[in-house]
Amino acid sequence: MAEEGRFTKRYQAGDTPWDIGSPDSNLIHAVTAVPIAPCKALDIGCGTGDNALWLSQQGFRVMGVDASEIAIEKAKAKALKANARCAFWVRDILKGHVEGAPFGFAFDRGFFHTLGSERERESFAEKANGLLEKDGLWLSLLGNADEQRKGPGPPQRTARDIVNAVEPYFEILSLASGAFGSNHPNPPRAWVCLMRKRP
């Protein structure tokens, strides 16, 4: 609940460096290069909806969920303006029911890394597994602990943090060091992790 309140305050103040106004380049690359075929998709922690809107334009049937009412209202307005077929809901993914499951593809850009404990991360991985259909894919972008920085930035996780949490529930197809899609000349480093649901 404290985390939700923190994000609400940041949206109210306009202090949202993660909200870059365009889809993340890592998502675009994964969908086009892997490739990931259009299917029913879930954008977890969708923010103001840019990634969900892009997926919709590629033929995905997208549901975006976020705990921030402000973010969801902005996402709905963007979808209306773009005439995009997306559904957006205010949801706490860890506690609430998510309509529309199972999904063929799940995406999160910076949700997984907000979970501070190993137990929370493993619980989320289990939840993500339950929301996906057989052989469903999950692409997660997380702050990378290998980055040495002095200023603010996304929470940082190690490769071990990721593997420990997801391995019981997902086969890791790729785990690569990269950078978040960003408007800034030196974007924060990221882990780009593509996984397939285990039976």
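Let me sum up the structure you'll find in this document. Everything quoted here is computed from the prediction, not taken from an experiment. (Residues numbered from 1 in each chain as written. Predicted model: local features only at pLDDT ≥ 70, side-chain atom pairs only at ≥ 80, totals over all residues. Heavy atoms only, no water.)

### A few points about the pattern of salt bridges
A side chain of one charge can pair with a side chain of the opposite charge if their charged atoms are brought near each other.
Then step 1. One pass over the full model with this rule turns up 8 salt bridges.
Then step 2. Here D24 makes a salt bridge to R109, at a shortest N to O gap of 2.6 Å. Taken together, the residues D24 in the loop between α1 (2-13) and α2 (25-33) and R109 in strand β4 (residues 103-109) connect sequence positions 85 residues apart. For the pair formed by D24 and R109, the shared burial category is buried.
Then step 3. Between R121 and D161 there is a salt bridge, with the nearest N and O atoms lying 3.7 Å from each other. (Salt bridge = Lys/Arg side-chain N within 4 Å of Asp/Glu carboxyl O. Helix = DSSP H or I, 4+ residues; strand = E, 2+ residues; numbered from the N terminus. Buried < 20%, exposed > 50% of the residue type's maximum accessible area, 1.4 Å probe, protein only.)

### Describing the sheet that holds strand β3 (residues 86-90)
Then step 1. Strand order across the open sheet formed by 7 strands is β3-β2-β1-β4-β5-β7-β6, with mixed pairing between neighbours. Taken across any chain shown, the strands that pair with only one partner, and hence form the sheet edges, are β3 and β6 (170-179). Here the average twist between neighbouring strands, direction ignored, is 15°.
Then step 2. Lying on the sheet, helix α3 (residues 50-57) is in contact with β1 (40-44), β2 (61-66), β3 and β4; it crosses β3 at an angle near 155°. (Pairing = 2+ DSSP bridges. Axes fitted to C-alpha atoms, helices over the stretch in contact; angles between N-to-C directions. Contact = heavy atoms within 4.5 Å.)

### Considering the environment of G143
Then step 1. Locating G143 in the fold gives a position in strand β5 (residues 132-143).
Then step 2. Not counting residues up to four positions away in its chain, the partners in contact with G143 are H113, P154, P155, Q156, R157, F180, R189 and W191.

### Some remarks on the packing of α2 against α3
Then step 1. Relative orientation of the contacting elements α2 and α3 amounts to 25°, with a least axis distance of 11 Å. The angle between α2 and α3 places the two elements in the roughly parallel class. For the element pair α2 and α3, the recorded crossing hand is right-handed. Of the residues in α3, those touching α2 at L27, I28, V31 and T32 are N51, W54 and L55. (Parallel < 35°, antiparallel > 145°, perpendicular 65-115°, else oblique. Left-handed = near helix turned anticlockwise from the far one by under 90°.)

This is a description of form; function is not addressed.
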